[in-house]
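Now for the letters of each chain:
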Amino acid sequence: MNNSVWTLFANLSFHIRKIFLLCVILGFNAGGVLAQEKPITIAINATSFPYHSVNANNEPVGLMIDLWRLWAEKQQVDVEFVALAWNDTLAQVADGSIDIHAGLSVIEARKELFSFSEPIFSLYTHLYIHQSLTQVNNMSKLTPYAIGVVKGSAHISFLNKNFPQLEQKLYQSRHELYDAAINGEVLVFTGLERLAKDYQHYKTLNQLFPAYKRLQYQQGDYAIAVAKDNQQLLSFIEQGLTKISLEERKAIERKWLGIEKQKDALQIAVAPDFPPYMALTPTGKPQGLLIDIWRYWSEQTGNNIEFIIRDINDETKLTQSQDIDVIMAFPESEQTEVAGRFAEPIYESKAQIYINTSYANINNIHDLNKLPNNKVGLVARSTYKQEVFKAFPELNITLFKSAEEMLRAAETHEISAMISLVDLMNARLIQANLQSDFYPMDSPVFPVKLSPLLGEANEKLISMINEGFSGLDINQLVKIEKRWIKTGEKYYKKRAQKVSLTAEEKEFIKKNNSITLGIMNDFSPIEFINQQGEFEGINRDIINLISQRTGLTFKYKPYSSWHLLYQGLLNKEVDVLGSITKTDAREKQILFSDTYWQMPWVIIHSQHIGKKTAFSDFYGKQLAIIKGYYLVDKLREKYPLITFVIVESRNEGLLALQQEKVDGFIATIASATDLLKRESLVALMISVMGSVSVDENSFGINPEKPLLKSIFDKGILSISTQEQQEIYDKWFSLAINTGLDKKVVLQVGAQIGVLILLVLFVIVMWNRRLQREINHREQLEKIMKHMATHDELTGLANRVLLKDRLTKSIAFHQRQSLKIAVLFIDLDGFKNINDTHGHDVGDELLKIVAYRLLGCVRKSDTVVRFGGDEFILLLTGLHGANEAAYVAEKVLELIQKPFDLSKAKVNIGCSIGVAMFPEDGDNESDLLKIADTLMYKVKASGKNHYAFHSNQNEDNLT
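Residues numbered from 1 in each chain as written. Predicted model: local features only at pLDDT ≥ 70, side-chain atom pairs only at ≥ 80, totals over all residues. Heavy atoms only, no water.

1. Some points on the overall build of the protein
Threshold: For the purposes of this entry, the term helix denotes a DSSP run of H or I that reaches at least four residues, the term strand denotes a run of E that reaches at least two, and both are numbered from the N terminus. Accessible area is worked out with a 1.4 Å probe on protein chains only. A residue is then buried under 20% of its type maximum, exposed over 50%, and partly exposed in between. When checking whether two residues touch, look at their non-hydrogen atoms; a contact exists if any pair is within 4.5 Å. Note on areas: Shrake-Rupley, 1.4 Å probe, and residue coverage restricted to the protein chains presented here.
Each helix and strand counted, the protein has 33 helices and 45 strands in total. Here the protein, with 958 residues, has 52% of them falling under the buried criterion. Residue pairs in contact within the protein that sit at least 24 positions apart in sequence constitute 71% of those at least 6 positions apart. Accessible surface, the protein: about 44,600 Å² in total, of which carbon and sulfur atoms supply 51%.

2. Here we look at the packing of aromatic side chains
We apply this condition: Working definition: a ring pair exists when centres of Phe, Tyr or Trp rings (six-membered ring for Trp) sit within 6.5 Å. Plane angles under 30 degrees give stacked, over 60 give edge-to-face, the rest tilted.
Summed over all chains, the structure comprises 31 aromatic pairs. Judged by centre distance (5.3 Å) and plane angle (65°), the ring pair of Tyr347 and Tyr492 falls under edge-to-face. With Tyr347 in strand β20 (residues 347-356) and Tyr492 in helix α17 (residues 491-497), this pair connects stretches of sequence that are 145 residues apart. Side by side, Tyr347 and Tyr492 carry an identical accessibility label, which is buried. Seen in terms of ring centroids, Phe554 and Phe712 are 5.9 Å apart; in terms of plane orientation they differ by 80°. Their pairing is edge-to-face.

3. Concerning the sheet that holds strand β26 (residues 522-523)
Just so we agree on the cut-off: By the convention used here, strands pair only if DSSP detects at least 2 bridges between them.
Reading across from one edge, β26-β27-β28 is the order of the three strands in this open sheet, with antiparallel pairing throughout. The sheet terminates laterally at β26 and β28 (535-536), the two strands that pair on one side only. Note that β26 and strand β27 (residues 527-529) share two bridges and pair antiparallel. In the strand pairing of β27, Asp522 is matched with Phe528.

4. Remarks on the environment of Ala788
Summarising the element assignment, Ala788 is placed in helix α28 (residues 756-789). Along the sequence, Ala788 and Leu801 sit 13 residues apart, while their C-alpha atoms lie 8.3 Å from each other. Among all residues touching Ala788, those that are not within four sequence positions of it are Pro600, Ile669, Asn798 and Val800.

5. Observations concerning the nonpolar core
For clarity, the cut-off: Side-chain atoms within 4.5 Å link the members of a nonpolar core, which is a set of buried Ala, Val, Leu, Ile, Met, Phe, Trp, Tyr and Cys residues.
Judged by nonpolar contacts, the single largest core of 78 residues is most densely connected at Leu552, Trp562, Ile604, Phe615, Ile666, Phe699 and Phe712. Counting 58 residues, the second largest nonpolar core, distinct from the first, contains Leu289, Trp294, Ile346 and Leu450.

6. Some words on helix α10 (residues 289-301)
Here is the rule we go by: Given a helix with a known number of residues, its expected span is that number minus one, times 1.5 Å.
Here α10 is 13 residues long and its end C-alpha atoms lie 18 Å apart, about the 18 Å a rise of 1.5 Å per residue gives. Burial analysis of α10 places 11 of its 13 residues in the buried class, the great majority of the element. Here α10 has its buried residues at Leu289, Leu290, Ile291, Asp292, Ile293, Trp294, Tyr296, Trp297, Ser298, Gln300 and Thr301. Taken from the residues just after α10, Gly302 is the one with a positive phi, measuring 80°.

7. Focus on the sheet that holds strand β14 (residues 273-274)
A sheet is described by the order of its strands in space; here three strands give the open sequence β14-β15-β16, paired in antiparallel fashion. Looking along the sheet, the strands with just one partner apiece sit at the ends: β14 and β16 (286-287).

8. So, the confidence of the model for the protein
Formally: Values of pLDDT, which run from 0 to 100, indicate the predictor's confidence residue by residue.
Per-residue pLDDT for the protein has a mean of 81; in total, 83% of the residues score no lower than 70. Per-residue pLDDT stays below 50 along residues 1-10; that stretch engages in one contact with residues further than four places along the chain or on separate chains. Below a pLDDT of 50 lies the segment residues 734-763, which in the model reaches 20 contacts outside its immediate sequence neighbourhood of four places, other chains included.

9. So, the side chain of Thr383
The line we're drawing: The term polar contact refers here to a pair of N or O atoms within 3.5 Å; inside protein, the definition further demands a hydrogen-donor-capable atom paired with an acceptor-capable atom, and it admits residues adjacent in sequence only when both atoms are side-chain atoms.
Among the secondary structure elements, Thr383 is positioned in the loop between β21 (375-379) and α12 (385-391). Its relative accessible area of 15% is what places Thr383 among the buried residues. Within the local environment of Thr383, its side chain forms a polar contact with the backbone oxygen of Pro331, the two atoms lying 3.0 Å apart.

10. Points about the side chain of Asp828
Along the chain, the position of Asp828 falls in strand β39 (residues 819-828). A relative accessible area of 8% places Asp828 in the buried class. Within the structure, the side chain of Asp828 is placed 2.4 Å from the side chain of Lys939, a separation counted as a polar contact. With residues near it in sequence (within four places) discarded, Asp828 still touches Ile908, Gly909, Cys910, Ser911, Lys939, Lys943 and Asn944.

11. Description of the environment of Thr41
Inspection of the secondary structure assignment puts Thr41 in strand β1 (residues 40-45). Assessed through its relative accessible area of 11%, Thr41 is described here as buried. Measuring from C-alpha to C-alpha, the distance between Thr41 and Ala102 comes to 9.6 Å, with 61 residues separating the pair along the chain.

12. A look at the packing of helix α31 (residues 839-854) against helix α32 (residues 881-895)
Test applied: Lines fitted to the C-alpha atoms define the axes, with helices restricted to the stretch that makes contact. Angles between their N-to-C directions range from 0 to 180 degrees. Here is the rule for handedness: rotate from the far helix to the near one, and if that takes an anticlockwise turn smaller than a right angle the crossing is left-handed, while a clockwise turn gives right-handed. Residues were grouped as follows: Ala, Val, Leu, Ile, Met, Phe, Trp, Tyr, Cys and Pro as nonpolar; Asp, Glu, Lys and Arg as charged; and all remaining residues, including Gly, as polar.
It is the contact of α31 with α32, at a shortest axis distance of 10 Å, that shows an interaxial angle of 145°. Crossing of α31 over α32 shows right-handed handedness. The segment α31 lies against α32, with Val849, Arg852 and Leu853 engaging Val891, Leu894 and Ile895. A breakdown of the residues in the contact of α31 with α32 according to their chemical character gives five nonpolar, no polar and one charged.

13. What about the pattern of salt bridges?
Threshold: Salt bridges are identified by distance alone: a Lys or Arg side-chain nitrogen within 4 Å of an Asp or Glu carboxyl oxygen.
For the structure on display, the rule yields 20 salt bridges. Of the charged contacts in the structure, one is a salt bridge between Asp273 and Arg428, with a shortest N-O distance of 3.4 Å. Of this pair, Asp273 sits in strand β14 while Arg428 sits in helix α14 (residues 422-431); the two residues are 155 residues apart in sequence, bridging distant segments of the chain. The exposure class assigned to Asp273 is partly exposed, which follows from its relative accessible area of 30%. Between Lys705 and Asp575 there is a salt bridge; the shortest N-O distance is 2.8 Å. Here Asp575 lies in the loop between α20 (562-570) and β30 (576-581) and Lys705 lies in the loop between β38 (695-701) and α25 (706-717), a separation of 130 residues in the sequence. The pair formed by Lys705 and Asp575 is uniform in burial state, with each residue classed as buried. One salt-bridge network, in which partners are shared between bridges, spans Asp273, Glu404 and Arg428.

14. Thoughts on the pairing of strand β11 (residues 188-191)
Regular strands have side chains that alternate between both faces of the sheet. A two-sided burial pattern is seen for β11, the buried positions comprising Val188 and Thr190 on one face and Phe189 and Gly191 on the other. Sheet topology note: the strand β8 (residues 121-129)/β11 ladder contains four bridges and is antiparallel. Considered in β11, the bridge of His126 is made with Gly191. Direction of pairing for strand β9 (residues 147-150) relative to β11: parallel, over a ladder of two bridges. Across the sheet, Gly148 pairs through a bridge with Phe189, a residue of β11.

What follows is the structure, encoded as structure tokens:
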């Protein structure tokens with residue numbers, strides 16, 4: 001047959017089938033029963049779990065399978081499931097070979113081939129990101145990576161339309177895509193709200209692509225499809241769906257998803273008065289440690305949540321009746337007896353005995369009988385009550401209905417002690433102004449786990465909750481905990497310090513008895529060999545923490561120069577080196593750990609030169625820089641009018657400066673601080689170079705040892721901010737070792753007798769000299785700290801201080817439900833003035849701009865010189881974007897006023913991008929990036945305006 005005959009035959013077959021289906025649909029008797037000859041065929045995909053797939057026995061399973069079987073029962077028809085590859089499901093339903101598609105995403109391209117039912121539920125789609133891509137936290141950072149996509153999926157058209165710059169790598173099936181992800185063929189792939197648990201290597205995949213790394217990039221509808229314009233069949237389908245009750249649909253959705261899609265929100269019971277875990281604000285809003293943790297769980301898993309305020313006595317009844325889904329966190333100890341099922345603990349605390357401070361002689365449990373009134377209070381509903389009774393039957397325990405009633409009895413001395421959860425009691429004592437009246441005994445301690453509590457039947461929901469919490473970033477949990485728990489042991493902090501290693505990582509440590517760390521022998525305070533031949537410095541303290549928490553052991557190999565040290569890593573003489581900055585060229589040679597330290601670059605020079613703010617101030621001069629530093633090539637290219645003298649070591653660079661062979665020596669601020677401590681260098685000073693970005697220090701690692709990088713990253717993550725600050729304070733202290741002991745001097749003077757007056761005179765004169773030296777050093781320390789955090793030209797805050805203040809502001813504003821605005825300002829026309837009138841005039845203009853910007857904000861706000869002619873305003877304590885808009889308009893007005901400079905009267909303008917917390921981001925990096933992007937958007941649209949992000953009311957250019 002020729003092609004036209006085949007086409008005619010195919011069309012005829014299609015129309016015959018449509019006529020048959022029409023007869024089927026219309027073939028009901030008065031009772032609605034169908035006289036059916038053939039079953040209705042439904043196309044399913046073998047790997048679209050949990051919606052439709054096949055199990056190990058090749059049987060159809062999934063949410064939509066159960067829904068279709070119930071539908072067939074309601075309509076009294078037979079259905080047959082046909083399992084196919086995804087593309088085949090689309091093709092065979094579109095051409096009428098199969099009657100119905102079991103369920104798929106609704107996109108415009110598919111509407112040309114299919115007619116869709118009303119949406120069954122909303123569907124969220126995500127990009128799953130490999131755990132090694134630590135810097136990827138938004139779509140803009142995905143450009144270097146190919147995105148794994150299943151052929152024929154809705155992801156293809158959506159990505160093509162909205163992110164055409166992203167490369168796609170296509171796979172035949174979901175499981176083939178998963179295999180590629182595990183094998184490292186792709187580091188990013190598309191998927192639905194969760195990974196398919198029926199995949200053979202699900203646990204490995206879930207570990208490599210954790211939930212907290214997902215990027216949600218669209219929300220769409222999930223519906224049933226038939227061939228285009230087959231309205232009769234579609235009406236028959238819709239008729240059956242209306243017969244399925246809401247309760248029946250909920251039961252199916254709970255079975256497969258844990259929560260019903262119809263509601264699309266997990267209802268969580270919150271007790272109104274259990275601070276700091278959960279409580280209510282004066283306006284009735286939930287707040288507390290566990291509230292914030294669940295919000296973070298919701299954000300990272302993509303599951304919506306709704307807090308329901310309930311008395312704790314009612315909560316367990318509501319979970320049993322399934323009127324709510326879960327109790328946020330119920331105290332669980334060894335002998336807790338409560339109806340329902342516990343999920344894995346999300347927090348751990350302890351109960352202790354609190355004694356009135358008037359009984360300070362009570363040291364242990366057996367001394368309680370010495371109390372004037374030996375009664376110990378306990379809240380009757382405490383879940384650890386039976387545990388207390390069993391462990392200490394001799395205690396005279398009085399039960400109370402509530403903690404408030406127990407506190408009143410303790411305050412009036414009706415009881416002498418109380419047993420309570422530590423964090424909870426500490427909060428209640430503060431609320432009652434009794435914190436100085438009671439103290440906890442060191443023992444006994446009753447461990448208590450705080451676990452989500454659910455009804456007996458909801459296994460899927462328990463699994464969903466456990467998986468979600470297991471995938472949360474411990475570093476973020478530590479930050480949340482820090483907001484609410486101010487004293488005592490901190491659960492997440494302790495967990496973060498216990499690094500969890502994979503089986504492969506543990507095996508690596510077992511096989512590698514000792515890791516060789518290359519170090520500089522004279523690079524204090526970063527790293528150096530002390531007079532006793534021991535390795536010391538910032539890097540030593542960091543390495544010690546990593547060693548303690550991972551089990552890695554180290555041996556050290558010193559080098560005399562940075563160039564030789566780096567070459568040693570390339571030659572595999574050492575496994576690791578510290579304090580290295582990532583560059584494109586270096587990334588081709590070695591592996592880099594996560595960043596663990598930040599350091600500004602400075603120039604050390606003679607005091608008589610005066611303060612400098614930019615490399616351009618050294619045009620025509622010579623600057624020394626150590627061989628191998630990544631800055632060398634960049635500086636030579638950017639500043640050809642400076643002669644850069646390459647030296648082998650810090651000592652050689654310092655000697656060249658002292659002998660006036662060079663005009664300055666380039667170093668990090670840590671190295672410069674150490675050099676300026678030396679008494680012989682009091683004639684030197686440092687200038688911070690604002691035109692060079694802050695140095696991001698990482699560990700450089702042998703590229704043949706990727707597991708070592710993974711272990712290092714986990715160790716770095718476990719180091720808390722407080723620990724970093726302690727290391728900073730230790731090594732940036734300007735303590736003075738005088739070499740003299742005053743007591744020894746006095747003893748000698750007493751023995752000599754006749755010379756005592758002379759000795760005392762010497763002591764007085766020595767102390768005066770010492771005091772002057774101490775004052776000098778303390779002043780130097782203040783200057784160094786100020787220089788590290790402020791711009792030398794304008795006196796404004798710099799990037800380092802901005803990052804610190806912005807991070808702290810975010811933590812505070814999350815608790816207070818207030819907004820932050822970041823205004824990124826770039827001057828329009830500044831370059832022309834700089835080029836026309838010279839850098840001195842340009843500097844003069846920048847100082848006046850800084851002064852005007854300070855006049856636009858409150859004392860609580862921060863004005864930052866970000867670099868060059870870029871400034872940032874950090875506005876805190878806002879209630880809406882309109883307040884930020886008011887400041888932006890004020891800035892535009894003041895900057896556009898004329899500037900009377902020493903050589904000319906000039907006019908400039910500015911472009912402003914405005915990012916808002918929390919709408920545009922919840923971290924410093926995202927807010928700055930959005931503000932910067934918006935600023936360039938303004939420049940491209942004509943300058944001298946400001947712009948908000950698209951999700952703000954003020955999204956248009958003003």
